[in-house]
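# Structural characterization, general
Next come the chains, spelled out residue by residue.
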Amino acid sequence: MITMITLRRFGAQTASILWKDLRCELRARQVWMAMGMFALLALVIFNFAFDLRVDNVAAVAPGALWIAFVFASILGLGRTFAAEQEHGSLDRLLLCPVDRKAIYAAKLLGNLVFIGAVELISLPVFAAIYNLPVLTGGIIPIVLLGTVGIAAIGTLFAAIAGNTRAREVLLPLLVFPLIVPVVIGAVRATQGLISPLAGDLPWLGLIAAFDVIFLSISAVTFAYVIEE
Amino acid sequence: MSIQTMPASQARPAAEQSLPAAIQVEALSKTFALRPVLRGLTFAVPARARVALLGPNGAGKTTLLRILATLAKPSAGEVLVAGFDVRHDADQVRRRVGYVGHQPHLYEDLSARENLEFFGRMYGISDHRARADALLERFGLRAKANERVRALSRGQVQRLALARGILHEPALLLLDEPDTGLDEDALALLAEVVRARAAAGVTTLLTTHQIARGLALAETALVLAGGRLVHNGPAAALDVDDVRALYTARRGAR
């Protein structure tokens, strides 16, 4: 009974913080427009920068796609706590009797919504300009699992970097090395979707394993990171 | 403008009202990177008291308030708020503390009503919509309820911050230089809120650089200097010169 009440309270707090973050961002339009523009520009530039031919496009294009996703994500992740810290409202949120895990869950879900929206817009553009058949059901678990991995660890480190003056520089330096396995897995899984190889490794399983590790570490450590 | 308040006895259980001290601080020390900010503070604030916490810049006033509000942890010593330890029962303390700072710390892209409703949900207030409406009415913000905070004047924002501070009917109200940048009307409102909350049984601890205003609003004055408590006594027994002398005496002793 107590567990049910605790769970319901956790869900209500998470939903309230998520609602607040989405509403603020949709009104301010500070981040998601920039993320979307960045991802689209990156895809267009990569298309011109690489000498793409029929025989090498399947090997190169997935890398370009995930680089665009990762860099666009970092733009959004950097603002996860920065906006709250600039106005001091994070302290005010921490003054409330709110489960710190609910704050993490809401920030993570908010990041997933905005990164997901950018990916939703970018994927058809990617398929069109690289002329690749990626708009199939198979791309959904790859993008979903890859995005969860990036956002899970990115949200945790956004809280750490948010307390520093050099947060814009620090966040990518902290996050990029850690998400390498997820990005490699996502790129190889996307390549497998375009031109399947016999005996390829179970890349989705690798990404899922890292997602579980990142989510577990973040859930356990977030309260210590966000509080003094 | 008249500020009506719900009696604290309606909002809190009877056991809590019988607590002898709203704040109990024992040998509290706080250091930041080996620099001592608070040095062995010991004092108690009885329930329903109005206390002014005075001190020069860097005396440790804000740090003490942040510890009482659970935003910072003591380096040594014990701090109880309404009988709950700020380290081990932080959530219980948070439910009982209202905090208003010199910065409003509101969400600028949400409306006045949305801000109050959001914090109402964070405190688990079941009728948060009705409570938000009642406070907007009391603080003269009904006409501005649906305007975004960034469109409100400084005085209106500070009124909203005050409303948010008492939204959950806290037993202890911490006011950290709430008079900074306020015009005369807003200052009168602040004084009225402090007195009304005290009449409703709420303990108030406020810091201010306006010594005369602090002494006028409070029954008890705590004076900090150099991280030490240099005075704890009736506010009526002090005047502005006495307080200034306490600031400089401490500086001379260091």
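Computed from a predicted model, the values in this text were never measured in an experiment.

Summing up its helical and strand segments, chain B has ten helices and ten strands in all. Here chain B holds 254 residues, and 56% of them are scored as buried. Put simply, chain B shows about 10,300 Å² of open surface, and 48% of that area lies on carbon and sulfur atoms.

Take the sheet that holds strand β5 (residues 84-85) of chain B next. Residues and elements named next belong to chain B. Spatial ordering of the open sheet is given by β2-β1-β4-β5, a layout of four strands whose pairing is antiparallel. With partners counted over all chains shown, the strands left at the sheet margins are β2 (35-46) and β5, one partner each. When strand β1 (residues 21-32) meets strand β4 (residues 76-81), the two strands line up antiparallel, connected through five bridges. Paired with Gln24 across the two strands is Leu80, which belongs to β4. Across the sheet, helix α3 (residues 61-68) touches β1, β2 and β4, and the angle it forms with β1 is around 120°.

Every contact between the two is made by 27 residues of chain B and, on the other side, 25 residues of chain A. Carbon and sulfur atoms make up 56% of the surface buried where chain B meets chain A, a total of about 2,600 Å² over both sides. Looking only at chain B, the three residues that lose the most surface to chain A are B:Arg94, B:Tyr107 and B:Met122, adding up to 24% of its buried area. Across the contact surface, chain B and chain A share five salt bridges. Put simply, B:Arg66 and A:Asp91 hold a salt bridge, and the shortest N to O gap is 2.8 Å. Of all the secondary-structure elements, those providing two or more residues to the side of chain B that touches chain A are β1, α4 (90-96), α5 (112-122) and α7 (154-165) of chain B. Element by element, the count of residues in the side of chain B that touches chain A is highest for α5(B), at five residues. When its residues are assigned to classes, the side of chain B that touches chain A shows eleven nonpolar, four polar and twelve charged.

In this section: the packing of α5(B) against α7(B). Residue and element names in this part refer to chain B. Where α5 contacts α7, the axes come no closer than 10 Å and their chain directions differ by 20°. Compared by their axis directions, α5 and α7 come out roughly parallel. Note that α5 runs across α7; the crossing there is right-handed. Of α7, the residues touching α5 (which contributes Ala112, Leu116 and Phe119) are Leu160, Ala163 and Arg164. For the contact of α5 with α7, the class distribution of residues is five nonpolar, no polar and one charged.

Trans is the common state for peptide bonds, and a negative phi is the common state for residues other than glycine. Residues and elements named next belong to chain B. Backbone geometry at His105 places phi at a positive 55°, although glycine is not the residue there. The backbone of Glu169 shows a phi angle near 50°, a positive value even though the residue is not glycine. By the element assignment, Glu169 lies in the loop between α7 and β7 (172-176). According to the relative accessible area criterion, Glu169 is buried, its value standing at 8%.

The subject of this paragraph is the sheet that holds strand β9 (residues 220-225) of chain B. Backbone-to-backbone hydrogen bonds pair the strands of a sheet. The strands run either parallel or antiparallel. All names here are of chain B. Across the sheet, six strands lie side by side as β6-β7-β8-β3-β9-β10; this open sheet has mixed pairing. Of all the strands in the sheet, the pair left with one neighbour each is β6 (97-100) and β10 (228-234). If you compare each strand with its neighbour and ignore which way they point, the axes differ by 15° on average. Pairing geometry for β7 and strand β8 (residues 203-207), over five bridges, is parallel. Following the sheet pairing, Leu175 is matched in β8 by Leu206. Of the strands in this sheet, β3 (50-54), β6, β7, β8 and β9 touch α3, which is tilted by about 150° from β7.

Moving on, we come to the pairing of β7(B). The buried fraction of β7(B) amounts to five of the five residues, a majority that puts the element mostly inside the structure. Neither face of β7(B) is left uncovered, since the one carrying B:Leu172, B:Leu174 and B:Asp176 and the one carrying B:Leu173 and B:Leu175 both have all their residues buried.

Residue and element names in this part refer to chain A. By the definition in use, this model includes 22 salt bridges over all chains. Here Asp21 and Lys20 are joined by a salt bridge, their closest N and O atoms 2.7 Å apart. Just as Asp21 is buried, Lys20 falls in that class too.

Parameters and conventions
- Residues numbered from 1 in each chain as written.
- Chains lettered and ligands numbered in written order.
- Predicted model: local features only at pLDDT ≥ 70, side-chain atom pairs only at ≥ 80, totals over all residues.
- Heavy atoms only, no water.
- Helix = DSSP H or I, 4+ residues; strand = E, 2+ residues; numbered from the N terminus.
- Buried < 20%, exposed > 50% of the residue type's maximum accessible area, 1.4 Å probe, protein only.
- Areas by Shrake-Rupley, 256 points an atom, 1.4 Å probe, with all protein chains shown as cover.
- Pairing = 2+ DSSP bridges.
- Contact = heavy atoms within 4.5 Å.
- Axes fitted to C-alpha atoms, helices over the stretch in contact; angles between N-to-C directions.
- Buried area = accessible area lost by both parts, 1.4 Å probe.
- Salt bridge = Lys/Arg side-chain N within 4 Å of Asp/Glu carboxyl O.
- Nonpolar A, V, L, I, M, F, W, Y, C, P; charged D, E, K, R; others polar.
- Parallel < 35°, antiparallel > 145°, perpendicular 65-115°, else oblique.
- Left-handed = near helix turned anticlockwise from the far one by under 90°.

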